[in-house]
Amino acid sequence: MTKTDAIARRILGWKLNRWDRWFDYEKGVFIYDSEFQPEQNLVHAMLIVERLEKLGYSFSSNGVSEASFNQFKGAGENLPEAITNAAYAIIENDSVVSSTSLWRKLS
């Protein structure tokens, strides 16, 4: 599973609908893999920021190549990559993202 796949499933709550697309139940839309590139696209990365802020994480950044959500930090060649890496650090280290309490917070 790639970082993007893990973020789509465990942070954004999207479900894999087919090998090449996700389904966002909140918005009722399909998102193709090729249309969601948070490591390269700041708009896509900001979707992750918005979701994590709803979950109680505080976002901070140096605006260039570092991002953090509370104590989880990420760096990259650009800000979208840094946001993606910081979000993935949450998945790797924080049990909240993998528990059902996440979904209760989002309801």
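Fair warning: this is a prediction, and the values are worked out from it, not measured in the lab.

Visitor: Tell me what's going on with the overall build of the protein chain, and back it up with residues and numbers.
Guide: If you tally the helices and strands in the protein chain, you get four helices and six strands. When the helices and strands of the protein chain are listed from N to C terminus, the series reads α-β-β-β-α-β-β-β-α-α. Out of the 107 residues in the protein chain, the part that is buried amounts to 40%. Taking as baseline every contact in the protein chain between residues at least 6 positions apart, the subset at least 24 positions apart corresponds to 37%.

Visitor: So what's going on with helix H2 (residues 42-54)? Which residues, and what values?
Guide: At 3.6 residues per turn, the α-helix brings residues three or four places apart onto the same side. If you check H2, its first and last C-alpha atoms are 18 Å apart, about what 13 residues at 1.5 Å a residue would give, namely 18 Å. Taken residue by residue, H2 has His 44, Ala 45, Ile 48, Val 49, Arg 51 and Leu 52 as its buried positions. Relative to the axis of H2, the buried residues are bounded by an arc of 165° and lie together on one face. For H2, exposure combined with an orientation more than 90 degrees from the buried face picks out Val 43 and Lys 54. Sitting at the amino-terminal end of H2 is Asn 41, which places a side-chain oxygen 2.8 Å from the backbone nitrogen of Val 43. Once H2 ends, the next one or two residues include Gly 56, with phi positive near 100°.

Definitions and limits used
Throughout this document, residue positions are counted from 1 along each chain, in the order its sequence is written. Per-residue local features are limited, in this predicted model, to residues with pLDDT of at least 70; the limit for side-chain atom pairs, both in listing and counting, is 80 or more; totals at the level of whole chains, interfaces and linings are taken over all residues. Calculated side-chain values reflect all of the structure's heavy atoms, with hydrogen atoms and water omitted. Every helix listed is a DSSP run of H or I at least four residues long, and every strand listed is a run of E at least two residues long, numbered separately from the N terminus. Throughout this description, buried means an accessible area under 20% of the type-specific maximum (1.4 Å probe, protein chains only), exposed means over 50%, and partly exposed covers the range between. Working rule for contacts: check all heavy atoms of both residues, and any pair within 4.5 Å makes them a contact. The span expected for a helix works out to 1.5 Å for each residue beyond the first. The arc in question is the one traced by the directions running from the helix axis out to the C-beta atoms. Whenever a nitrogen or oxygen atom comes within 3.5 Å of another N or O atom, the pair is scored as a polar contact, on the condition that within protein one atom can donate a hydrogen and the other can accept it, and that pairs from neighbouring residues in sequence are kept only if both atoms are in side chains.

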